[in-house]
Amino acid sequence: MNSSPRSIVVLTGAGISAESGIETFRAVDGLWANHDVNDVATPEGFERNPQLVYQFYNQRRQQLLAEDIRPNAAHTALAKFEHDFPGEFLLVTQNIDNLHERAGSQNLLHMHGELLKMRCLNSRMVFETRENFDFDTECQCCRSPGNLRPHVVWFGEMPFFMNQINMALEACDLFIAIGTSGNVYPASGFYQTAKIRKARTVELNLDQTGSSFDTHVYGPATEVVPEFFGDLLDQ
Ligand code: OAD
């Protein structure tokens with residue numbers, strides 16, 4: 001790298017949580033190999049069969065809350081970097097798990113929502129939950145069942161925080177994507193937005209994704225993330 005960065009945006013995907021025991025989406029044995037996206041991750045699927053959708057996210061939530069699921073060295077390295085870095089730092093995650101915040105990340109946006117939250121379909125109020133919920137669960141605000149949905153973004157819906165994210169991408173001088181296959185828009189286009197303003201772009205991933213970042217570093221996140229961000233601080 002030519003000069004020390006002053007403003008950094010990091011995008012993470014399922015690959016950063018893989019070594020914590022949470023399956024990715026597009027691996028051969030990943031979530032989308034065993035579940036039909038159209039059934040469990042679209043508004044139409046939820047309308048057709050809400051119980052199936054509730055069940056899918058209840059399972060994901062229970063898995064996330066299991067004792068053996070915890071942040072790994074990559075999550076921790078990002079939190080440490082953010083703490084020590086003197087410039088601007090924004091972490092955007094496509095993940096709906098809470099491993100970044102458990103590792104200590106502060107300036108964090110969950111663009112695809114959060115597993116530990118649910119939303120009222122009437123008021124759009126968001127509530128925290130660690131419990132299963134479904135069609136029969138009474139909503140805390142309207143006191144009636146059938147109004148709650150997972151606070152996650154489904155295909156066909158607009159991700160959260162897009163204005164804030166785009167502003168940060170346009171202002172950054174370094175953009176780093178970690179553990180994401182680059183299959184899902186708009187996150188897949190972030191590196192191009194960052195490039196327009198001449199930011200340097202880096203991909204840290206287990207294997208090639210086909211996206212043309214300036215620099216590619218291949219390897220498991222628990223190895224490449226601590227190493228890359230350790231070097232970045234030393235610059
Ligand atoms: P994917 O499952 O599409 O991609 C995960 C990426 O992480 C792949 O490129 C893997 O090679 C890489 N990977 C796997 N293990 C890794 C490891 N130990 N270290 C580093 N990299 C590793 O997941 P995402 O790109 O996050 O959206 O998927 C994006 C979105 O698609 C998700 O947020 C979700 C999904 O459908 C919605 O549900 C709206």
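Higher on the page you've got the structure.
Residues numbered from 1 in each chain as written. Predicted model: local features only at pLDDT ≥ 70, side-chain atom pairs only at ≥ 80, totals over all residues. Heavy atoms only, no water.

Undergrad: Explanation requested: the pairing of strand 2 (residues 88-93) in the structure shown.
TA: Moving residue by residue along a regular strand, the side chains alternate between the two faces of the sheet. Where burial is concerned, most of strand 2 is hidden: five out of the six residues are buried. Where strand 1 (residues 7-12) and strand 2 come together, six bridges link them in parallel fashion. Bridge pairing in strand 2 links Leu11 to Val92. Across three bridges, strand 2 lies against strand 3 (residues 108-110) in parallel orientation. Along strand 3, the bridge assignment pairs Leu91 with Leu108. (Buried < 20%, exposed > 50% of the residue type's maximum accessible area, 1.4 Å probe, protein only. Helix = DSSP H or I, 4+ residues; strand = E, 2+ residues; numbered from the N terminus. Pairing = 2+ DSSP bridges.)

Undergrad: Looking at this model, I keep getting lost on unusual backbone geometry. Mind explaining?
TA: For residues besides glycine, phi is generally negative; the peptide bonds are generally trans as well. The amide bond that connects Tyr185 to the next residue, Pro186, takes the cis arrangement and shows omega of 5 degrees. By secondary structure assignment, the location of Pro186 is in the loop between strand 7 (174-178) and helix 9 (190-196). The backbone of Arg124 sits at a positive phi, close to 65 degrees, despite the residue not being glycine. As for its placement among the helices and strands, Arg124 is situated in the loop between strand 4 (113-120) and strand 5 (126-128). Overall, the relative accessible area of 58% leaves Arg124 in the exposed class. For Phe161, which is not glycine, the phi torsion reads 65 degrees and is therefore positive. Checked against the element boundaries, Phe161 lands in the loop between strand 6 (148-152) and helix 8 (162-171). The class of Phe161 is partly exposed, set by a relative accessible area of 38%.

Undergrad: Is there a simple way to explain the sheet that holds strand 7 in this structure?
TA: Each strand in a sheet pairs with another by means of backbone hydrogen bonds, the pair being arranged parallel or else antiparallel. Reading across the sheet, the six strands line up as 3-2-1-7-8-9 and stay open at both edges, with parallel pairing between neighbours. Among the strands making up the open sheet, the edge pair consists of strand 3 and strand 9 (215-218). Ignoring which end each strand starts from, the neighbouring axes of this sheet average 15 degrees apart. The strands touched by helix 8 within the sheet are strand 1, strand 2, strand 3 and strand 7, with strand 1 carrying the most contacts at an inclination of about 130 degrees. (Axes fitted to C-alpha atoms, helices over the stretch in contact; angles between N-to-C directions. Contact = heavy atoms within 4.5 Å.)

Undergrad: Just checking my understanding: could you explain the environment of Ile96 for this structure?
TA: Along the chain, the position of Ile96 falls in the loop between strand 2 and helix 7 (99-103). Along the primary structure Ile96 and Asp207 are separated by 111 residues, whereas in three dimensions their C-alpha atoms are 22 Å apart. Once residues lying within four places of it in the same chain are set aside, the contact partners of Ile96 are Tyr57, His110, His112, Gly113, Glu114, Leu115 and Val152.

Undergrad: Honestly, the nonpolar core in this entry has me stumped. Any pointers?
TA: The tendency in soluble globular proteins is for nonpolar side chains to be buried as a group. Counting 24 residues, the largest nonpolar core has Trp32, Phe56, Tyr57, Leu64, Phe127, Leu148 and Trp154 as its most contacted members. Listed by contribution, the elements that provide at least two residues to this core are helix 2 (31-34), helix 5 (50-64), strand 4 and strand 6. Of the residues forming this core, the biggest block, five residues, is contributed by helix 5. Discounting chain neighbours no more than four positions away, the residues touching Trp32 are Phe25, Arg26, Val37, Val40, Ala41, Phe56 and Phe155. Judged by nonpolar contacts, the second largest core, of 22 residues, contains Phe85, Leu108, Ile178 and Val202. (Core = buried A, V, L, I, M, F, W, Y, C linked by side-chain atoms within 4.5 Å.)

Undergrad: Looking at this structure, how should I read the pairing of strand 6?
TA: With five of five residues buried, strand 6 lies mostly within the body of the structure. Note that strand 4 and strand 6 share four bridges and pair antiparallel. Directly across from Met118, in strand 6, lies its bridge partner Pro150.

Undergrad: Whenever I open this one, the packing of aromatic side chains confuses me. Can you help?
TA: Each pair of aromatic rings is reported with the distance of its centres and the angle of its planes. Applying the stated rule across the entire model yields 14 aromatic pairs. Here Phe25 and Trp32 contribute two aromatic rings whose centre-to-centre distance is 5.1 Å and whose plane-to-plane angle is 40 degrees, an arrangement assigned as tilted. Ring centres of Phe160 and Phe161 lie 6.3 Å apart, and the angle between their planes is 70 degrees; on these two criteria the pair is classed as edge-to-face. A connected cluster of aromatic rings, assembled from ring pairs, spans Phe25, Trp32, Phe46, Tyr54, Phe56, Tyr57, Phe133 and Trp154. Across from the ring centre of Phe56, 4.6 Å away, lies the NZ or CZ of Arg60, which sits over that ring. (Phe/Tyr/Trp six-rings, centres within 6.5 Å; stacked < 30°, edge-to-face > 60°. Lys NZ or Arg CZ within 6 Å of the ring centre and 35° of its normal.)

Undergrad: Even after reading the chapter, I still don't get the pattern of salt bridges, so can you show me in this structure?
TA: Close approach of charged atoms allows side chains with opposite charge to pair. Taken as a whole and judged by the stated rule, the model has seven salt bridges. Among the salt bridges present, the one from Arg48 reaches Asp39, with a minimum N-O distance of 3.1 Å. Assessed through its relative accessible area of 28%, Asp39 is described here as partly exposed. A salt bridge links Asp84 to Lys80; the nearest nitrogen and oxygen atoms lie 2.6 Å apart. (Salt bridge = Lys/Arg side-chain N within 4 Å of Asp/Glu carboxyl O.)

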